[in-house]
Amino acid sequence: MSSVLLRVCCGPTIEDTNTLLGGLASRSTASIERTQRRFKGISFAASAVVANPTSRTSEEKVYEVVLKQAALVKERSRDEDEKKKKKIALDLDNKPIEDAVVDDLSNGGLLNVAYDRCGEVCAEYAKTFYLGTQLMTQERRKAIWAIYVWCRRTDELVDGPNASYITPSALDRWEQRLTDVFQGRPFDMYDAALSDTVTKYPVDIQPFKDMIEGMRMDLRKSRYNNFDELYLYCYYVAGTVALMSVPVMGIAPESKVSTESVYNAALALGIANQLTNILRDVGEDARRGRVYLPQDELAQAGLSDDDIFRMKVTDKWRNFMKGQIKRARKFFDEAEEGVAALSSASRFPVWASLLLYRQILDAIEANDYNNFTKRAYVGKAKKVFSLPVAYGIAHIGPHKLTKLLL
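Residues numbered from 1 in each chain as written. Predicted model: local features only at pLDDT ≥ 70, side-chain atom pairs only at ≥ 80, totals over all residues. Heavy atoms only, no water.

A. Structural view of the overall build of the protein. Looking only at helices and strands, the protein has 19 helices and 0 strands in total. In the protein, of all internal contacts separated by at least 6 residues, the share reaching a separation of at least 24 is 76%. Put simply, the protein shows about 20700 Å² of open surface, and 53% of that area lies on carbon and sulfur atoms. (Helix = DSSP H or I, 4+ residues; strand = E, 2+ residues; numbered from the N terminus. Contact = heavy atoms within 4.5 Å. Areas by Shrake-Rupley, 256 points an atom, 1.4 Å probe, with all protein chains shown as cover.)

B. A look at helix α18 (residues 347-366). Here α18 spans 29 Å end to end across 20 residues, near enough to the 28 Å set by a 1.5 Å rise per residue. Taking burial as the measure, the 20 residues of α18 include 15 buried ones, the bulk of the element. Just downstream of α18, D368 is the residue with a positive phi angle, here 60 degrees. (Expected span 1.5 Å × (residues − 1). Buried < 20%, exposed > 50% of the residue type's maximum accessible area, 1.4 Å probe, protein only.)

C. View of the UniProt feature "transmembrane region" (unreviewed entry) in the protein. Taken from the UniProt record, the annotation "transmembrane region" (unreviewed entry) applies to residues 230-252. End C-alpha atoms of residues 230-252 are separated by 32 Å, and the span's content is 87% helix alongside 0% strand. (UniProt positions renumbered as here; feature names shortened; annotations may be inferred.)

D. Quick peek at the environment of D307. Mapping D307 onto the fold places it in helix α16 (residues 305-310). Distance in space between the C-alpha atoms of D307 and W317 is 8.7 Å, their sequence separation being 10 residues. The residues touching D307, leaving out its near neighbours within four places in the chain, are G302 and K312. A distance of 2.9 Å separates a polar side-chain atom of D307 from the backbone nitrogen of S304. (Polar contact = N/O pair within 3.5 Å; in protein donor to acceptor, adjacent residues only side chain to side chain.)

E. View of the pattern of salt bridges. Counted by the stated rule, this structure contains 32 salt bridges. In this structure, R153 and D191 form a salt bridge, with 3.5 Å as the shortest nitrogen-oxygen distance. Taken together, the positions of R153 in helix α8 (residues 138-159) and D191 in helix α10 (residues 189-200) put the pair 38 residues apart, joining distant regions of the chain. Classification of R153 as partly exposed rests on a relative accessible area of 23%. For D305, the salt bridge goes to R223, with nearest N and O atoms at 2.6 Å. Placement of the pair is D305 in helix α16 and R223 in the loop between α11 (206-220) and α12 (227-249), with a sequence separation of 82 residues. Given the relative accessible area of 26%, R223 is considered partly exposed. Salt bridges sharing common partners tie together D172, E175, E213, R216 and R220. (Salt bridge = Lys/Arg side-chain N within 4 Å of Asp/Glu carboxyl O.)

F. View of the nonpolar core. Core analysis: the largest hydrophobic core is formed by 99 residues, its most contacted members being W150, L230, Y235, L293, I308 and W317. No other element matches α12, which puts 16 residues into this core. Counting 11 residues, the second largest nonpolar core, distinct from the first, contains A114, Y115, A126 and V149. (Core = buried A, V, L, I, M, F, W, Y, C linked by side-chain atoms within 4.5 Å.)

G. Up close: the packing of helix α9 (residues 168-182) against α11. For the pair α9 and α11, the least separation of the axes is 10 Å and the interaxial angle reads 175 degrees. It follows from the interaxial angle that α9 and α11 lie roughly antiparallel. From α9, P168, L171, D172, W174, E175, L178, T179 and F182 reach across to α11, where they touch F208, K209, I212, M215, R216 and L219. In terms of residue class, the contact of α9 with α11 is made up of 9 nonpolar, 1 polar and 4 charged. (Axes fitted to C-alpha atoms, helices over the stretch in contact; angles between N-to-C directions. Parallel < 35°, antiparallel > 145°, perpendicular 65-115°, else oblique. Nonpolar A, V, L, I, M, F, W, Y, C, P; charged D, E, K, R; others polar.)

Have a look at this one:
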């Protein structure tokens, strides 16, 4: 408590800044190498799939989605280049201007209202992220709001107040509604905003469908035998958000990182965030009869579900948690290179998310690994301090920011 008060009264020190940066500069050049090592050879998985379709890991399955998303972005980029070369002026001489645009103006007005409502939801439930989107271009900002609202509504199906009434058939109907949205048949204003978004950006429907699959998994599954199973769940409920967002956020024209690598890094951030959620919420999930931890790794540590339900911190638990936190941090490390390759106007909210979520892991350690009865969170003082750091990293990079502060 005293250290928090000190920071509030006296402001952050250079030491605070260096701690928060956490070696970002030194890690960024290595993170892409780790990503490439992780997926090395996966692009050749197609030949192996024919021989033994059940042999693929979850990461290999997810990587196929990554490749598809990256291909869509490249295709859209080529199409836009062609349009620029073949720009044709519209001829409205045979039709009054007001008749030609009146429908668009009317629909545009409704769409603006729809996007505004999405922004209101984002501002209410994701204040820090909403603040970060204010630095994005207007079109990108609105599109991200629309994606956020759809994701939140989907999550509310299994975690909201009516979760006990949700059945697999209800999720099937939600998926059909999603298909309608992508085909230009929105059901309500929130759907209309998303339907408009997916026509403007190379966003594929697969990550959206995969998120719904994650909700189905929550209905039927409360244990995960190993990390491969847990990884797939993390992709479904969080990694998908990254794949939805990258086409909207855009990749910096000057970036030398491949499109596939940017998607891999974004995916890593989604996985890291979800792993952090899981580690933070162990006690809360246990009270609901759920254990989102690899069963084989628990057994190797001499632990079981019963130990979790007893909610007592032991040396075995501390050692187990150290390993889980270490893995989550590795995913954060892998994410950094991709964030740096995003369009400059889109980096801030992503860097803010990365820095704040990484600090939740620090908070778990500060609580002596008691994530049973103590909730790890980032205090307001640290949040206020983290935002300008995230802004600095987003605009000048971790290397230059570190040099300026030393």
